[in-house]
Protein chains: 2
Amino acid sequence: MSLISKKHETDENIIWHNQNVTKEYRIKLLTQKPCIIWFTGLSGSGKSTIANAVEKKLYELNCKTYLLDGDNVRHGLNKDLGFSELDRIENIRRIGEVSKLFIDSGLIVLTAFISPFKSDRQIAKSLVKYDEFIEVFIDTPLEICESRDPKGLYKKARDGAIKNFTGISSPYEEPKEPQIHIKTDKYSIDGCSQLVVDYLIKHGYIKGDIDYAI
Amino acid sequence: MSLISKKHETDENIIWHNQNVTKEYRIKLLTQKPCIIWFTGLSGSGKSTIANAVEKKLYELNCKTYLLDGDNVRHGLNKDLGFSELDRIENIRRIGEVSKLFIDSGLIVLTAFISPFKSDRQIAKSLVKYDEFIEVFIDTPLEICESRDPKGLYKKARDGAIKNFTGISSPYEEPKEPQIHIKTDKYSIDGCSQLVVDYLIKHGYIKGDIDYAI
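Below, the structure is looked at part by part. (Residues numbered from 1 in each chain as written. Chains lettered and ligands numbered in written order. Predicted model: local features only at pLDDT ≥ 70, side-chain atom pairs only at ≥ 80, totals over all residues. Heavy atoms only, no water.)

Most of the time, phi is negative for any residue but glycine, and the peptide bond is trans. Residues and elements named next belong to chain A. With a phi angle near 35 degrees, Asp149 is a residue other than glycine that sits in the positive phi range. Assignment of secondary structure puts Asp149 in the loop between helix H7 (142-148) and helix H8 (153-158). You will see that Asn164, though not glycine, has its phi angle at about 50 degrees, which is positive. Within the secondary structure layout, Asn164 lies in the loop between H8 and strand S5 (180-183). (Helix = DSSP H or I, 4+ residues; strand = E, 2+ residues; numbered from the N terminus.)

Pasting the structure below:
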C-alpha cells in the first residue's frame, strides 16, 4: 500500500516523517474519490433542487460533500464581481479554482451555476484531472423553465429589465458530451438525483448499491 | 438531538425531507468542530513547517483538515493578484472567504500566510463566528528568520531588489491577543505543533488526549 510505504514505520500509529498530509492521505481518511459534479442548465431548470437532492443521498451514504451555489459564492468570495463578460468569466474561474481546492481536500464538490458557455465550463474542467470533472446537463425545455420562473427573472428579461439573460437574450450552449444528461421531464427529482448517485457508484467514486429501478 | 428532530422520521436511515444538507449535518458526519487555524508570522518564522506538523498530528487523530498556503492559493485562485496594497488586501480577503467555505463544509482549515497587517487579519476573522477563528502567532525573532532566509528573500530585500518586504521595509504588526502565541525558540517543531493540538482538544474542537509534557 503506497500510503503506508511512505511511512518510516509500518505501524499505523507511528507518525510518518518528511511527508506532509497529501491528497492521497485525505482520500484514504475520507474513503471516497473526490470530484466536481458540475451541474449546468437554464435558470429554473432544477439544478439546485437536483444538486441538493444528490447531496442528501450522498450524505446518507456517508459521503463528505460540499455544494457551491449562488448563495454561498456570489455573496462571499465573488461579491466583488458583476455580470459583465469579464466578470462572468472570472466568476466561473474562481468557482473552478475553489472546486479544485475542495477536490484536493478530498471532498466531493457539487456546483450549481447556469454556466451557459462551453468555454467557461472548459476553464473549470481544465483545472482538474479528466476523471475529476463530471458534467451534468440538467436538460429542461425553456418553456418549462420560463413557466416556473420562481424568481420572476424570465419576466424581467422579456420586459427588457434584465439584459443578457440566458435563454432569452443570451445563448445557452448545450453540453455536447456531458457525463450525465438528465432530461428532467422523464424522471422525478428523486429519479434525477439517483441517476447521478448511480453514476458515482458505477465509476468507483463512492461505495453503494446501484438502484436499477431507475 | 436537533439534527434528528429535523427529520420527519426518527429512523436514522430514512431520508429527511425539505431540509438540505447543512453545516450542522456535516459537523455530525465529520465529528469535529470546524475552524480556521490562522498562522501569522514573519517570512522564515516557521509558519508552514508548524502548520504541516499540526496537520499531521490532526490526521493521526482522524481529523479532516485542509491547509491553504502560497503553493495552492497564489498559483491558483489568486494568480491574478500581485503585491500592491489593494492586491494584498484582496489576497487575504479571498483566503478568508475560501476558509469560510471550508468551515461551512465542516473541515478544519489551516492557513499559513505572513498576513502582517492587523486590519487584513481582522477581515478574515470578521467573516466567521468568533470561536471559529484561532489566531496563532508564530513568534520568531527577525534575526533568526533572516539568518535562515531559505528563499534568499531577506538578502534581496536588504539589497533593495524586493520592495515592501515584511520586517525589513514594511512593518509586521504583531497580534496583541492571539489565541495561541508560540515563541519558537522555546520548543521543538513537535512541541510547537502540540501546543496547537492541545488548544483544539482543550476547547472542544477535536477529541484527543492533551499532552501535558509540553
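Having seen it, we continue.
The next subject is the relation of the copies chain A and chain B. The operation relating chain A to chain B is a screw motion whose rotation component is 180 degrees, with 0.0 Å of axial translation and a residual RMSD of 0.0 Å. Both copies are brought into coincidence by an operation consistent with a two-fold rotation axis. Of every C-alpha in chain A, the one belonging to Val98 of chain A sits nearest the axis of rotation, 3.6 Å from it. With an isologous cut-off of 70% or more, the 100% of interface residues of chain A that recur at the interface of chain B puts this contact in the isologous class. (Least-squares fit on C-alpha atoms with pLDDT ≥ 70 in both. Contact = heavy atoms within 4.5 Å.)

With that settled, consider the packing of aromatic side chains. Taken as a whole, this structure holds eleven aromatic pairs over all chains when the rule is applied. Ring centres of Tyr66 of chain A and Phe102 of chain A lie 5.1 Å apart, and the angle between their planes is 25 degrees; on these two criteria the pair is classed as stacked. Linking Tyr66 of chain A in strand S2 (residues 65-69) with Phe102 of chain A in helix H5 (residues 85-105), this pair joins segments that are 36 residues apart in sequence. When sorted by exposure, Tyr66 of chain A lands in the same class as Phe102 of chain A, which is buried. Where Phe137 of chain A meets Tyr172 of chain A, the ring centres are 5.9 Å apart and the plane angle is 25 degrees; that geometry is what we call stacked. Here Phe137 of chain A, found in strand S4 (residues 133-139), pairs with Tyr172 of chain A, found in the loop between H8 and S5; they are 35 residues apart in sequence, far enough to count as distant. For the pair shown, Phe137 of chain A and Tyr172 of chain A are each scored as buried. Three or more aromatic residues link up through ring pairs in this structure, and these residues are Tyr66 and Phe102 of chain A together with Tyr66 and Phe102 of chain B. A cation over an aromatic ring shows up here: Arg74 of chain A above the ring of Phe83 of chain A, its NZ or CZ 4.2 Å from the ring centre. (Phe/Tyr/Trp six-rings, centres within 6.5 Å; stacked < 30°, edge-to-face > 60°. Buried < 20%, exposed > 50% of the residue type's maximum accessible area, 1.4 Å probe, protein only. Lys NZ or Arg CZ within 6 Å of the ring centre and 35° of its normal.)

Considering the arrangement of structural elements, one finds Glu90 of chain A in helix H5. The exposure class of Glu90 of chain A is buried, given its relative accessible area of 14%. Side chain to side chain, Glu90 of chain A and Arg93 of chain A meet in a polar contact 2.9 Å long. The residues touching Glu90 of chain A, leaving out its near neighbours within four places in the chain, are Leu81 of chain A together with Asp80 and Arg94 of chain B. (Polar contact = N/O pair within 3.5 Å; in protein donor to acceptor, adjacent residues only side chain to side chain.)

This brings us to the sheet that holds strand S3 (residues 108-112) of chain B. All names here are of chain B. Across the sheet, five strands lie side by side as S2-S3-S1-S4-S5; this open sheet has parallel pairing. Looking at the sheet topology across the chains shown, the edges are occupied by strand S2 (65-69) and strand S5 (180-183). Taken pair by pair, the neighbouring strands of this sheet meet at an average axis angle of 20 degrees, ignoring direction. Two elements, strand S4 (residues 133-139) and S5, share four bridges in a ladder whose sense is parallel. Counted as the bridge partner of Ile138 is Ile182 from S5. Docked against the sheet, helix H4 (residues 70-77) engages S2 and S3, running at close to 65 degrees with respect to S2. (Pairing = 2+ DSSP bridges. Axes fitted to C-alpha atoms, helices over the stretch in contact; angles between N-to-C directions.)

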